[in-house]
Amino acid sequence: MGDMRIPRTGRSADELLTEIGELRKGDIDWRHGRAFSLVYNADDPELDELLHTVGSMFLHENALNPFRYRTLLKMETEVIEMAVGLFGAGCGSMSSGGTESIFLAVQTARDHARARGIERPQLVCTDTAHPAFAKACHYLDVEMVRLDHGPDGRAVPERYAEAIGDRTTILVASSPCYPFGVIDPVSDIAGLALEHDLLCHVDACLGGWILPWWERLGQPVPPWDFRVPGVTSLSADIHKYGYTFKGASVLLYRARDLLQRQVFMYDSWPGGLYASSSSAGTRSGAPIAGAWSAINHLGEEGYLRLTSRVLDATTRLRSGITAIDGLRITFDPDLSLFEFGSDTVDMNAVCDVMDNRGWNLDRQQGGLHLMVSPGHDRIVDKFLGDLAAAVADHGEAFGGDHVYGGIVI
Ligand SMILES: *Cc1c(COP(=O)(O)O)cnc(C)c1O
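The rules behind these values
- Residues numbered from 1 in each chain as written.
- Predicted model: local features only at pLDDT ≥ 70, side-chain atom pairs only at ≥ 80, totals over all residues.
- Heavy atoms only, no water.
- Pairing = 2+ DSSP bridges.
- Helix = DSSP H or I, 4+ residues; strand = E, 2+ residues; numbered from the N terminus.
- Axes fitted to C-alpha atoms, helices over the stretch in contact; angles between N-to-C directions.
- Contact = heavy atoms within 4.5 Å.
- Patch = residues over 30% accessible without salt bridge, like charges linked within 9 Å, V, L, I, M, F, W, Y side chains within 5 Å.
- Areas by Shrake-Rupley, 256 points an atom, 1.4 Å probe, with all protein chains shown as cover.
- Salt bridge = Lys/Arg side-chain N within 4 Å of Asp/Glu carboxyl O.
- Buried < 20%, exposed > 50% of the residue type's maximum accessible area, 1.4 Å probe, protein only.
- Near = heavy atom within 4 Å.
- Core = buried A, V, L, I, M, F, W, Y, C linked by side-chain atoms within 4.5 Å.
- Domains from an automatic or database assignment.
- 1 Å grid on protein atoms, 1.4 Å probe; cavity = no way out; pocket = protein on both sides within 12 Å on 5 of 7 lines; lining within 4 Å.
- Points joined across faces, edges and corners; volume = space filled by probe spheres on them.
- Nonpolar A, V, L, I, M, F, W, Y, C, P; charged D, E, K, R; others polar.
- Parallel < 35°, antiparallel > 145°, perpendicular 65-115°, else oblique.
- Left-handed = near helix turned anticlockwise from the far one by under 90°.

Caption draft 1: Local environment of the sheet that holds strand E4 (residues 168-174). In space, the seven strands of this open sheet follow the order E1-E7-E6-E5-E4-E2-E3, with mixed pairing throughout. On the outer flanks of this sheet lie strand E1 (91-95) and strand E3 (143-147), each paired with one strand and no other. When strand polarity is set aside, the average angle formed by the axes of neighbouring strands in this sheet is 20°. Relative to strand E5 (residues 199-203), E4 is paired through five bridges, and the arrangement is parallel. If you follow Ser174 over to E5, its bridge partner there is Asp203. The strands that helix H5 (residues 131-140) touches are strand E2 (122-126), E3, E4 and E5; relative to E3, the one it contacts most, it runs at about 155°.

Below, the structure written as structure tokens:
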């Protein structure tokens, strides 16, 4: 920790904006396709401007009590309705992101189990499931049973069948998982849930807002949403391939009884009845308004247009990477994100060179991770050229770590 203190006198907006402008020069240049995670760049200037306008319009509105802000109430209700229609759900709610959606899915599952007399419920997932499940289980005192992925990177239904016991409450499948971009066999896993009277959550945080269009463009997509019998809840982040700014996700359910377990009501304080439908109290109105605006601005046509750009860039990147001697793509990804690695080339050293050339790839244990946004179709050739050069000519790795996320305490 440094010794930064609140300044005694405030500084002018001009001075601060100049300082921030300087600081930002060192930040990732995602607008020009230099980043492959954390930002989903729609490369659509009109959408960008709309989101800026709407974001500042709703900057100060508090969605804690939606009945005070009728516009937000309408927007939130409509976002949920549109998501319900898109995934064939029964009902749902908005949250601040994938982690909160997953927390709520784990919380409702835990309380569903406790209502059936299971005090310490178990969640069964595969090791490729997002860390938000481990975090939710840790916070919420649910036991996580973590299975190995199969030889194709996907969850193995037989392992779920073997793992199911008296305390098992919820089975998790990813559509797709983040590390490898492969879709788990949702039908088989949900089928087991149905057979054993369990819940089944599909984590489509990443894939939810792109898979429907990917499928419509004729790509092979195994069934993964509420069309699959046995799926009871599904999370899908609008702040990823929905192309709004951060803070917007949906958590959907097939049936209302689970959603109701999310609702919290409290009147044992002098401040009046307190009611909320997710774990947050005060909520910024901006993400709700942003999500509503992005979805309505793009519409199905916009999503299809952006998805075909993602598909085009993904196809070119995949074949270009495979064509580089020594490189291979890990497993056979179903969507627009994947890991690539090598048995002969030190990928950490390659990544160092790519870092120096201004690219920002994520390092995983087994290789480098790419997640493709529409704007990447502009940089494919440059990227592949730099990558081939880095593979052909690199030094010793200076030891970048496999990290995703960080801590500020
Ligand atoms: C991003 C992601 C999450 C978590 O979402 P956050 O918005 O980062 O909290 C969960 N699952 C998958 C597959 C993801 O890609």
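Next comes the rest of the description.
Caption draft 2: Here's a closer look at a nonpolar patch on the surface. Taken together, the side chains of Leu16, Leu17 and Ile20 define a hydrophobic patch exposed on the protein surface, amounting to about 260 Å² of accessible area. On the basis of relative accessibility, which here comes to 33%, the residue Leu16 falls in the partly exposed class.

Caption draft 3: Seen up close, the side chain of His112. In this fold, His112 is placed in helix H4 (residues 98-115). On the accessibility criterion, His112 (13% relative accessible area) is buried.

Caption draft 4: Spotlight on the site of the ligand. Neighbouring the ligand are 13 residues; Gly98, Thr99, Asp203, His239 and Lys240 lie closest to it. Taken by itself the ligand offers 380 Å² of open surface, and the protein chains cover 87% of this. Considering each element in turn, the shell around the ligand owes the most residues, three residues, to H4.

Caption draft 5: Spatial organisation of the nonpolar core. Counting residues in hydrophobic clusters, the biggest one holds 94 residues, and the most contacted among them are Trp209, Tyr243, Phe340, Phe383 and Leu387. When residues of this core are assigned to their parent elements, the largest contribution, 13 residues, is made by helix H10 (residues 286-323). Here this core gathers at least three residues from each of two domains, domain 1 (25-46 + 299-388) and domain 2 (49-296). Within the second largest apolar cluster, 24 residues are counted, among which are Ala132, Val142, Cys205 and Leu258.

Caption draft 6: Structural detail: the layout of surface pockets. Approximately 760 Å³ is the volume found for the second largest pocket. In terms of lining, the second largest pocket is formed by 31 residues, of which the most central are Pro66, Phe67, Ser276, Ser277 and Arg283. Those elements that provide at least two residues to the lining of the second largest pocket are helix H3 (70-87), E1, helix H9 (256-260) and strand E9 (274-276). At six residues, the largest contribution of residues to the lining of the second largest pocket is made by H3. Looking at the lining of the second largest pocket residue by residue, the class counts come to 16 nonpolar, eleven polar and four charged.

Caption draft 7: Expanded view of unusual backbone geometry. Along the chain, Ser175 connects to Pro176 via a cis peptide bond; the corresponding omega equals -5°. For Pro176, the location among the structural elements is in the loop between E4 and helix H7 (186-195). Despite not being glycine, Asp43 has its phi angle at roughly 55°, a positive value. Structurally, Asp43 is set in the loop between helix H1 (13-24) and helix H2 (45-57). One non-glycine residue, Tyr243, lies in the positive phi region at around 65°. As for its placement among the helices and strands, Tyr243 is situated in the loop between strand E6 (233-237) and strand E7 (249-253).

Caption draft 8: Up close: the packing of H2 against H10. In contact at an axis separation of 9 Å, H2 and H10 are set at 150° when each is read in the N-to-C sense. The angle between H2 and H10 falls in the class roughly antiparallel. Handedness of the H2/H10 crossing: right-handed. Between H2 and H10, the residues in contact are Glu46, Leu47, Leu50, Leu51, Val54 and Gly55 and Ala286, Ala289, Gly290, Ser293, Ala294, His297 and Leu298, respectively. Among the residues forming the contact of H2 with H10, the class breakdown is eight nonpolar, four polar and one charged.

Caption draft 9: Seen up close, the pairing of strand E13 (residues 367-371). Most of E13 is tucked away, with five of its five residues classed as buried. Across four bridges, the pairing between strand E11 (residues 337-342) and E13 is antiparallel. Paired with Phe338 across the strands is Leu370, a residue of E13. Sheet topology places strand E12 (residues 362-364) next to E13; three bridges connect them, and they run antiparallel. What sits directly across from Asp362, in E13, is His369. Here E12 hands over to E13 after two residues, the two strands then running antiparallel side by side.

Just distances and angles here, no functional claims.
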